[in-house]
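What the coordinates show
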Amino acid sequence: MPFDADDRSAALAVLLVEAARDGVDAAELHRRFREGEHHLPVATSHHPAVLALGAELDALFGGDPDATVAAVDAALARLSVRPRLSTHDGRPPHLHYERDGADVVERLRVNVTIGLARVVATDGPDRLGRCAATGCRRVFVDTSRGARRRFCTAACANRTHVADHRARRRADRGGRP
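Sequence order as written defines residue numbering, which begins from 1 separately in each chain. Given that the model is predicted, a residue must reach a pLDDT of at least 70 before its local features are reported, and side-chain atom pairs must reach 80 or more before they are shown or counted; all residues, however, enter totals for whole chains, interfaces and linings. To get the side-chain values, all heavy atoms of the structure are used, and hydrogens and water are removed first.

**Topic: helix H1 (residues 8–22)**
Counted only if it meets this: Labels follow the DSSP assignment, with helices taken as runs of H or I lasting at least four residues and strands as runs of E lasting at least two, numbered in each case from the N terminus. A helix is expected to reach a length of 1.5 Å times the quantity of its residues less one. Exposure classes here rest on a 1.4 Å probe applied to the protein chains alone. A residue is buried below 20% of its type maximum, exposed above 50%, and partly exposed in between. The contact criterion used is simple: two residues touch if any of their non-hydrogen atoms lie within 4.5 Å.
Between its terminal C-alpha atoms H1 stretches 21 Å, which fits the 21 Å expected from 15 residues at 1.5 Å a residue. Those residues of H1 not exposed but buried are Ser9, Ala10, Leu12, Ala13, Val14, Leu15, Leu16, Val17, Glu18 and Ala19. Buried residues in H1 make contact with helix H2 (26–34), helix H3 (47–58), helix H5 (104–123) and strand S4 (139–141).

**Re the pattern of salt bridges**
Put simply, the test is: The term salt bridge refers to a side-chain nitrogen of Lys or Arg lying within 4 Å of a carboxyl oxygen of Asp or Glu.
Overall, the coordinates contain eleven salt bridges when judged by the stated rule. The salt bridge involving Glu18 is made with Arg21; its shortest N-O contact spans 1.9 Å. Of the two residues, Glu18 and Arg21 both sit in helix H1, three residues apart, roughly one turn of that helix. The class for Arg21 is partly exposed, based on a relative accessible area of 39%. Notably, a salt bridge pairs Asp22 with Arg21, separated by 2.6 Å at the nearest N-O pair. In this structure, a network of salt bridges that share partners links the residues Glu18, Arg21, Asp22, Glu28, Arg31, Arg32 and Arg138.

**A closer look at unusual backbone geometry**
Phi at Asp89 takes a positive value of approximately 55°, unusual for a residue other than glycine. Note on Asp89: relative accessible area 71%, which makes it exposed. Phi at Ala147 is positive, roughly 55°, even though this residue is not glycine. Considering the arrangement of structural elements, one finds Ala147 in the loop between S4 and helix H6 (154–172). Among the residues examined, Ala147 registers a relative accessible area of 35% and is labelled partly exposed.

Written out as structure tokens, the structure is:
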């Protein structure tokens with residue numbers, strides 16, 4: 001599933017959910033947004049609202065497909081948007097959805113919600129996943145070709161597969177280590 005530049009906002013939703021789940025402080029939140037491709041000016045004053053947004057977005061990942069569609073649709077209904085073309089910073093024309101002068105929290109809310117909606121509408125609600133590893137609640141946007149991703153990282157997948165293998169071996173030996 002190839003993502004274009006606008007669909008990176010779905011990946012940004014993952015960053016928001018993880019920041020909220022981790023309960024990061026304002027300095028760590030600022031650092032996370034300055035790294036990578038996001039480069040958003042998240043000020044200390046935005047910290048509580050950004051974490052609250054991340055907590056809201058968490059409910060959109062890894063649920064029943066029908067519930068995911070309904071939740072994403074409800075999140076879209078709460079937006080007040082008017083799409084427009086923009087050519088700022090020497091970039092070719094591209095869509096902006098938030099109003100002129102919107103603060104960073106509103107920009108985040110609008111763009112990540114639309115990004116998640118595009119993923120669901122284009123490739124299905126199963127693309128918004130939650131890690132299947134025991135004890136892990138991380139979320140991810142499944143960009144795999146076959147849409148079969150179950151884990152947030154290779155580390156969680158490996159840990160789960162090794163634990164399953166060891167459990168099978170113990171069962172084969174009658175419970176002995």
